[in-house]
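Chain and residue survey
Read off the chains here:
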Amino acid sequence: MGNLYTAQWLAEKIADRSIRGIALETSALIRAGVLPVGTRLPSIRDLAYELGISPATLSEAWADLRRHKIITGRGRNGTWVSGDRFIAKPERFASAGNYGPNALDLTMAVPDPSLLPPLEEALAHAATVDKLNNYERTRIIPELHDAALQRWPYEPEAFLVTNGGYNAVYTAIRALVSPGSAVAIESPTAMRLLDILEDFGVKIIPVLCDDEGPTPQSLHAALKDRPAAFVFQPRLHSVTGQTVSPERLAELGDILDGSDTLIIEDDGMGDISTAASHSLGGRFPDRTIHILSYSKTLGPDLRLAVLSSSAPIVEQIQSYRAFSAGWTSRLLQGATAWLLRNPHSWEIVKQARETYQNRRNGLAHALQQRGVMSNPGSGLCLWLPVAAEPFAMVTLAARNIAINPGRKFSLLPGDYIRIATSTLTEDKWESVADAVALASSV
């Protein structure tokens, strides 16, 4: 079959010789069956010659098709058509295992539903919000604007409501970052943030972190690649449980002062953190995007986050949103505003914060008694170094405990595991600690 599809034959069928054009036209040939699954493609050198382009240009187009699982490289055996369609999915987030019915699933660092505020009164109030069922694209309703502003870390020029925190990051990246650009992001980071960047095809530059947040040296080195954006979690890191110190935030600002890089601040944990919200938005109001999600504190089914930035940036993001949803439900905005203004909601959030901290500390203390040390912090999980990540995963799985491997949260080598503690009650601390201690003993 491979002999039928020569470099000259394929080159004649590709009119657009740009990276994107080659990828799109080749995938169209595959979908149409002109290049059937199992076809061996011409070598990069031969096809680049016939197309009149550099091998590097063709390699980038092939890399895009490979990333989408349309073609597969087989080393010296060449490149082959492996699929006839592109099915986008978040590889890291979607790669959860199949666990038995009795498994202790500690993979999801999500809020405990029993610790969230009740929604009945909030939703009843939401039914009275002005302009319900109107097709006007409301960026943020006035009462949510006022409620959010009371706790915002700086005075922003404009607000925009989105369908959750990750939707805010996804939309901002798509609206403001050009394909093929570089994006700097702290390492480790949320796996869904990496999924978003990998799906978009940007060059990801990891920025190393210590106990105070992204290190100035690593961010300085990352800026040499002129990244279009720097994404980090200033208030409470969703993986490590660390908070960027005020002194470190000022240092990062000094480094970013000499660049035009967009600053995307992801406050996905919200008031689960005991730390006050802080931001570089007051220092760089023209290029900071500050995102606060209410999913972890008020309810994931609200599907709501608020972002702030300059008016031009918010306008760009809103223009991109016009291709899809256009606006976030005013019902959900009204319910969120009611919860933010309700003192009882904050009592429940305070109790939840204390419970999450107690659960995290409880497992950390049980581990410490067994000689396994973890960093202090807060949040919904523990991030632990281990001697060998594969051994740790297998050891815990053998004891019917499911956790996440560290590789999901970083592009850099290293042996870590992440254990969700948000729903881990006291009666499970000792058994989980026993298993983790064994898994760390190699």
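The sections below set out a description of the structure shown in this document. Note that the coordinates shown come from a computational prediction; the quantities given were computed from them, not determined experimentally.

Before going further, it helps to examine the overall build of the protein chain. In terms of helices and strands, the protein chain carries 15 helices and 16 strands. Against the globule reference of 22 Å for 442 residues, the protein chain gives a C-alpha radius of gyration of 24 Å, in line with a compact fold. Along the first, second and third principal axes, the C-alpha atoms of the protein chain reach 70 × 60 × 45 Å. Residue burial in the protein chain is summarised as follows: out of 442 residues, 51% are buried. In the protein chain, 73% of the contacts between residues at least 6 apart in sequence involve partners at least 24 apart. Carbon and sulfur atoms make up 52% of the accessible area of the protein chain, which totals about 20300 Å². Averaged over its 42 positive side-chain charges, the protein chain has a centre that lies 7 Å from the centre of its 47 negative ones.

This part takes up the side chain of Thr240. As for its position among the elements, Thr240 is in the loop between β9 (229-232) and α10 (246-256). A residue is classified by how much of its surface remains accessible, and Thr240, at 15% relative accessible area, is buried. A polar atom in the side chain of Thr240 sits 3.3 Å from the backbone nitrogen of Gln242. Dropping the residues within four chain positions of it, Thr240 is found in contact with Pro188, Arg360 and Trp383.

A few words now on the nonpolar core. Ile289, Ile291, Leu307 and Ile317 are the most contacted members of the largest nonpolar core, which has 29 residues in total. Sequence-distant contacts of Ile291, that is, excluding residues within four places in its chain, are made with Gly165, Ala168, Val169, Ile264, Glu265, Asp266, Asp267, Ala305, Val306 and Leu307. By size, the runner-up hydrophobic cluster in this structure holds 25 residues, among which are Val129, Leu144, Tyr294 and Leu340.

Right, let's talk about the sheet that holds strand β15 (residues 404-405) for a bit. Strand order in this open sheet of three strands is β13-β16-β15, and the pairing throughout is antiparallel. The open sheet has two edge strands, β13 (381-385) and β15, and neither has a second partner. Across five bridges, the pairing between β13 and strand β16 (residues 416-420) is antiparallel. When the sheet's bridge partners are listed, Leu382 is paired in β16 with Ile419. Contacts between helix α14 (residues 389-398) and the sheet are confined to β15 and β16, with β16 contributing the most and set at about 35° to the helix.

Calculation rules
Residues numbered from 1 in each chain as written. Predicted model: local features only at pLDDT ≥ 70, side-chain atom pairs only at ≥ 80, totals over all residues. Heavy atoms only, no water. Helix = DSSP H or I, 4+ residues; strand = E, 2+ residues; numbered from the N terminus. Rg over C-alpha atoms; globule rule 2.2 N^0.38 Å. Buried < 20%, exposed > 50% of the residue type's maximum accessible area, 1.4 Å probe, protein only. Contact = heavy atoms within 4.5 Å. Areas by Shrake-Rupley, 256 points an atom, 1.4 Å probe, with all protein chains shown as cover. Lys, Arg positive; Asp, Glu negative; His and termini not counted. Charge placed at Lys NZ, Arg CZ, Asp CG, Glu CD. Polar contact = N/O pair within 3.5 Å; in protein donor to acceptor, adjacent residues only side chain to side chain. Core = buried A, V, L, I, M, F, W, Y, C linked by side-chain atoms within 4.5 Å. Pairing = 2+ DSSP bridges. Axes fitted to C-alpha atoms, helices over the stretch in contact; angles between N-to-C directions.

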